[in-house]
Amino acid sequence: MKHIKFRQYLLILLFLGLLLFPMLNRKNFLLKDSENTENREPAPKPELTMKNLDPFPLQYEKFYNDHFSLRQTLMKSYYDLNLLVYRKTPIPDQVVLGKNNWLFLGGNEVDVYTGKNRFTNEELNILKKELEYRQNYLAKQGIKFYFVIAPVKATVYGENMPENILKLHEESGGKQLLRYLKQNSTISCIDLYAIMNSCKKSGLLYFKNDNHWTKRGAFIGAMQIVKTIQHDFPTLNVLALDSMRINSTITTSGNLTAMLSKTKLFVDTIIELTPKNGFYTNEVSKVGYPVVKGFPYPWEFEMVRERKDTTMPKLLLISDSFGGNLFPYISEPFSRSVKIFDSWQYKLNEEIVIAEKPDVVVLIVLESNIRNMLKYLSLK
Amino acid sequence: MLFSSPLFLYLFLPITLLGYYLMIPKLKNYWLLACSLIFFAWGGVTFTFILLISIFLNYIFGIVMEKNKNTPKMKRWLIVGVATNVGILALFKYTNFLVLNLNQLLDWIHIPLIPQTHIVLPIGISFYTFHSLSYLIDIYRNKTKAQRNFFDLSLYITMFSQLIAGPIIRYSDVENQLRNRTHSVEKFSYGIERFLIGLGKKVLLANTFAKIADQIFAANPSDLGAPLAWLGMIAYSLQIYCDFAGYSDMAIGLGRMFGFEFMENFNFPYIAKSVKEFWRRWHISLSSFFRDYVYIPLGGNKISIPRTYINLLIVFFLTGFWHGASWSFVVWGLFHGLFMVIERLGFDKILEKSWKPLANLYTILVVMFAWVLFRADTLSYAMNYWKALFDFSTTAQQMILFRSYLDKEFWIMFTIAVAGSLGLFAAIGKKMNPILESNRLISKGFAYSYHIVSLVFYAGILYLCTMFLISGTYNPFIYYRF
């Protein structure tokens, strides 16, 4: 049969052509690959030596897979298939697809939400002692210390978490620590859970496509912190939300959509919040404190803002990426504010304290990173 | 190296194929042998030495046996050969298990324990040992002559298409093909079709069910409740079929591309109407190996009825033990053996007379319950899992989890897997072939359109599989551990 022969020849040609294509298309010679959205270094080419005969195959396979022709295009197709056809996340351990098109960061943040990574009594006690040590150390220098936990998105917007992620415990690890500190210590803790929950109906406090808080959420958090500090420093001024100009723009970007191969399927809102009369503070040049070794975002390690009125207290903020959106608002009432993003170590940073001589030190720890503090204790 | 890996698909396979077809006929076997050794070494360079020693010993045993043909010495050399092969297998596969169990006994009678061994299982040892055994026994039975060419014997044992996970090819079946096999466009294109169908079964179906089965079997059975436990058992039943039948399809397809014709290993086992029939359709190369090399030499069903039952239980004990050094595998084998005996006791007559779907349901239930033993790490886990299958006090949380597994992807893959395992697609293919081959019945346009659609279908499978593999989705091969 002629048509059967036609099919057989064509199948062989097609099969061999497809198998050979990645080899021929190395370095995008024939077809261009999509943009690389993987936030990691591809595996290096291993060397074949007598010493690494057994591990070589696995190393080479990793290298081959990471440099496979059209890798990004294929991954994007896989992600789109899952998101468009199956309506599910292709990387459930990293990105969780919630209700109403909300995306959540997987792993640690989900564990916080479910209550899986709550603290043992021993851990709570160590954290308490560490914070008390810092409070006493700073108090000796006349500095007031405040401890803040930034809630993860899932604890604020739990109603948008998928049904199949079940809570093991109603109280998350962050809330557990705050309760413990309130009951057992004199640490000035600032609870953002209640304010976030009461304000979330009036506007987006966290991005839908990103695990961070929006400028609105950051503003509300910042003002809650300033309100508490105001008890010790009455001259500080708390800004009202209606004194701010709000601008919104629609976007499909966000760190979670980036992890999903920059999909355009999820829409989000970027909220710009600026004082109607302009900021009192301006960003000024950095001091140049030494950056933590291996920190992937060295340009974010240090940020300084100052206002003309030098009579106001000075602030040192130790934080993580959540400090980025919050910093312009929290620094408004202070004469000089320094923000340090110390690679999620949340250390005391004594050298900076000594150099800056602040009146206030605020430590903001993202709920899912509290455990990092146990690794970098100042208390010996 | 996995068949379902980008490295195999897009580097090893095209180079092996191109090299093979560009090579002069005399060198084709050497090329295949070299590629097969690289393929094997990829799973552990050190293990390749064990494989080469095993081949060399079997080469010597074969020649010595033939030299002593029809003398008592031949039997003695066969015993030495079988003992050597089984000994190597036992050393690598069963020593850890033996020491563990012996220590439990020694501990009980308060005798100092033996230090626990941690011997690593070389890839494919269960399969290449059986290839070697079949070679020696077939020489002893005068079914074949000893292979004088060391490289041809090496190719039989190491041929990459069936080296790691079967099917178990008898030496007598491929002896002629080692030297005189033909190549054709028809064979090659059929090989591609079988290979891609197998790849799709593995990557698109088995891996999807594996994710569900692995999550459910990782839980404590007492936390599951009946719906989740049944879902886990069904998912695993589909996973193991799609995984192993897929691998066999790929092996048969690859063999065909290089001119070999291997026996079928699966014939829609889930449509069987008895356990006996199931074993005629599941892992055919293994069950026929045990039938011909263990059951029949033990006397089969020719001695007495009680002896037949004992022989059946021995065969199924060995089948279970061959799959893994664990009591749950042994009990899995004996569980099947028990139902074989029950059927022989007269239940098969009842099954024959009963409504066919009912007989099929009985078989499927026996097989699925047995898969729990196969999947469980320990016997006690399997027992608790069986209990969970009848725990109908399901909580709301369990129901939420259960529903979350039943998403669109599950239903699409479930429908395809069930229809495929019941033979629906094969039946459609069978009906289409005569229509396509008949000039009178259809127009040329229809025939060409049909072929174009099928080409798109096969290219689509390859694209989808590559997409899944590159995205690093779950990709374990169940039969790689045997």
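Residues numbered from 1 in each chain as written. Chains lettered and ligands numbered in written order. Predicted model: local features only at pLDDT ≥ 70, side-chain atom pairs only at ≥ 80, totals over all residues. Heavy atoms only, no water.

Taken residue by residue, the interface counts 41 residues in chain A and 56 residues in chain B. The junction of chain A with chain B conceals about 4700 Å² of combined surface from both sides, 73% of it contributed by carbon and sulfur atoms. The interface formed by chain A and chain B contains 3 salt bridges. Here chain A is connected to chain B by 10 residue pairs in polar contact (both at pLDDT 80 or more). When grouped by side-chain class, the residues that make up the side of chain A that touches chain B number 28 nonpolar, 5 polar and 8 charged. (Contact = heavy atoms within 4.5 Å. Buried area = accessible area lost by both parts, 1.4 Å probe. Salt bridge = Lys/Arg side-chain N within 4 Å of Asp/Glu carboxyl O. Polar contact = N/O pair within 3.5 Å; in protein donor to acceptor, adjacent residues only side chain to side chain. Nonpolar A, V, L, I, M, F, W, Y, C, P; charged D, E, K, R; others polar.)

Bringing helix H9 (residues 185-218) of chain B into the picture now. Residue and element names in this part refer to chain B. With 34 residues, H9 extends 47 Å between its outermost C-alpha atoms, agreeing within 8% with the 50 Å of an ideal straight helix rising 1.5 Å per residue. Of all the bends in H9, the largest measures some 35 degrees and sits at Ala206. By the criterion of burial, H9 is predominantly enclosed, with 28 of the 34 residues buried. (Helix = DSSP H or I, 4+ residues; strand = E, 2+ residues; numbered from the N terminus. Expected span 1.5 Å × (residues − 1). Bend = angle between axes of the 7 residues up to and from the residue. Buried < 20%, exposed > 50% of the residue type's maximum accessible area, 1.4 Å probe, protein only.)

Turning to the packing of helix H1 (residues 2-24) of chain A against helix H20 (residues 444-470) of chain B, a few remarks are in order. Interaxial distance between H1(A) and H20(B) falls to 10 Å at its minimum, and their mutual angle equals 20 degrees. The orientation of H1(A) with respect to H20(B), classified from their angle, is roughly parallel. Where H1(A) crosses over H20(B), the handedness of that crossing is right-handed. Contacts between H1(A) and H20(B) involve A:Lys2, A:His3, A:Ile4, A:Phe6, A:Arg7, A:Leu10, A:Leu11, A:Leu14, A:Leu18 and A:Leu19 from the first element and B:Ala447, B:Tyr448, B:Tyr450, B:His451, B:Ile452, B:Ser454, B:Leu455, B:Tyr458, B:Ala459 and B:Leu462 from the second. Of the residues belonging to the contact of H1(A) with H20(B), the class tally is 15 nonpolar, 3 polar and 2 charged. (Axes fitted to C-alpha atoms, helices over the stretch in contact; angles between N-to-C directions. Parallel < 35°, antiparallel > 145°, perpendicular 65-115°, else oblique. Left-handed = near helix turned anticlockwise from the far one by under 90°.)

This part is about empty space enclosed by the protein. Residue and element names in this part refer to chain B. This model, assessed by the stated rule, comprises 3 cavities of 30 Å³ or more. Approximately 50 Å³ is the volume found for the largest cavity. Leu155, Tyr156, Met159, Gln162, Ile169, Val174, Leu178, Phe260 and Phe262 are the residues that line the largest cavity. Secondary structure elements with two or more residues in the lining of the largest cavity: helix H6 (150-158) and helix H8 (171-179). (1 Å grid on protein atoms, 1.4 Å probe; cavity = no way out; pocket = protein on both sides within 12 Å on 5 of 7 lines; lining within 4 Å. Points joined across faces, edges and corners; volume = space filled by probe spheres on them.)

This part is about the nonpolar core. For soluble globular proteins, nonpolar side chains are generally found buried alongside one another. Core analysis: the biggest nonpolar cluster contains 173 residues, and B:Phe8, B:Phe195, B:Trp282, B:Trp371 and B:Tyr385 have the highest contact counts within it. Take this core: its biggest share by element is 17 residues, from helix H10 (residues 226-257) of chain B. For B:Phe195, the residues in contact, after removing those within four places along its chain, are A:Phe15, B:Phe8, B:Leu9, B:Leu13, B:Asp249, B:Met250, B:Gly253, B:Leu254 and B:Met257. Of all hydrophobic cores here, the second largest spans 87 residues; its members include A:Ala154, A:Ile190, A:Leu315 and A:Leu316. (Core = buried A, V, L, I, M, F, W, Y, C linked by side-chain atoms within 4.5 Å.)

Let us look at the pairing of strand S10 (residues 336-341) of chain A. Residue and element names in this part refer to chain A. Taking burial as the measure, the 6 residues of S10 include 6 buried ones, the bulk of the element. Both faces of S10 are covered, namely the face carrying Arg336, Val338 and Ile340 and the face carrying Ser337, Lys339 and Phe341. With 5 bridges joining them, strand S8 (residues 302-307) and S10 adopt antiparallel strand pairing. Within S10, the position partnered with Met303 by the bridge is Lys339. A crossover connection joins strand S9 (residues 314-319) to the parallel S10 through helix H11 (residues 322-330); in handedness this β-α-β unit is right-handed. (Pairing = 2+ DSSP bridges. Right-handed = clockwise from strand over helix to strand, strands pointing away.)

For the rest of this paragraph, the subject is the side chain of A:Asn82. As for its position among the elements, A:Asn82 is in helix H3 (residues 71-85). Excluding residues within four positions of it along the chain, A:Asn82 makes contact with A:Arg87, A:Lys88, A:Thr89 and A:Pro90.

As enumerated under the stated definition, the model contains 28 salt bridges over all chains in all. Between A:Arg336 and A:Glu356 there is a salt bridge, and its shortest N-O distance comes to 2.8 Å. Remark: A:Glu356 occurs in helix H12 (residues 350-356) and A:Arg336 occurs in strand S10; sequence separation between them is 20 residues. Look at A:Glu356 and you get buried, because its relative accessible area is 7%. Within this structure, B:Arg194, B:Lys201, B:Asp249 and B:Glu264 form a network of salt bridges that share partners.

Here we come to the sheet that holds strand S11 (residues 360-366) of chain A. Residue and element names in this part refer to chain A. Spatial ordering of the open sheet is given by S4-S3-S11-S9-S10-S8-S7, a layout of 7 strands whose pairing is mixed. Only two strands of the sheet have a single neighbouring strand rather than two, namely strand S4 (188-190) and strand S7 (281-284). The average undirected angle you get between the axes of adjacent strands in this sheet is 20 degrees. Relative to S8, S7 is paired through 4 bridges, and the arrangement is antiparallel. Following the sheet pairing, Val284 is matched in S8 by Val304. Strand contacts of helix H7 (residues 173-184): strand S3 (144-150) and S4, with the helix running at about 150 degrees to S3, the strand carrying the most contacts. Sheet strands in contact with H11 are S3, S7, S8, S9, S10 and S11, and its direction is about 165 degrees off that of S9.

On to the domain arrangement of chain B, then. Residues and elements named next belong to chain B. Considered domain by domain, chain B is made up of domain 1 (6-181) and domain 2 (187-405). Between domain 1 and domain 2, the C-alpha centre-to-centre distance is 25 Å. Opposite the 36 residues of domain 1 that make contact, domain 2 presents 32 residues. Summed over both sides, the interface between domain 1 and domain 2 buries roughly 3100 Å², with carbon and sulfur atoms accounting for 71% of that surface. The largest per-residue losses of area from domain 1 upon contact with domain 2 belong to Phe97, Pro167 and Arg170, which jointly make up 19% of the total buried on that side. (Domains from an automatic or database assignment.)

Counted according to the given criterion, the structure contains 90 aromatic pairs over all chains. Plain terms: the ring middles of A:Phe68 and B:Tyr10 are 5.2 Å apart, the flat faces sit at 70 degrees to each other, and that makes the pair edge-to-face. In this pair, A:Phe68 sits in the loop between helix H2 (56-66) and H3 while B:Tyr10 sits in helix H1 (residues 6-22), so the two residues belong to two different chains. This pair shows no difference in class: A:Phe68 is buried, exactly as B:Tyr10 is. Judged by centre distance (4.8 Å) and plane angle (65 degrees), the rings of A:Phe295 and A:Phe341 are edge-to-face. One end of the pair, A:Phe295, is in the loop between S7 and S8; the other, A:Phe341, is in strand S10, and 46 residues separate them in sequence. (Phe/Tyr/Trp six-rings, centres within 6.5 Å; stacked < 30°, edge-to-face > 60°.)

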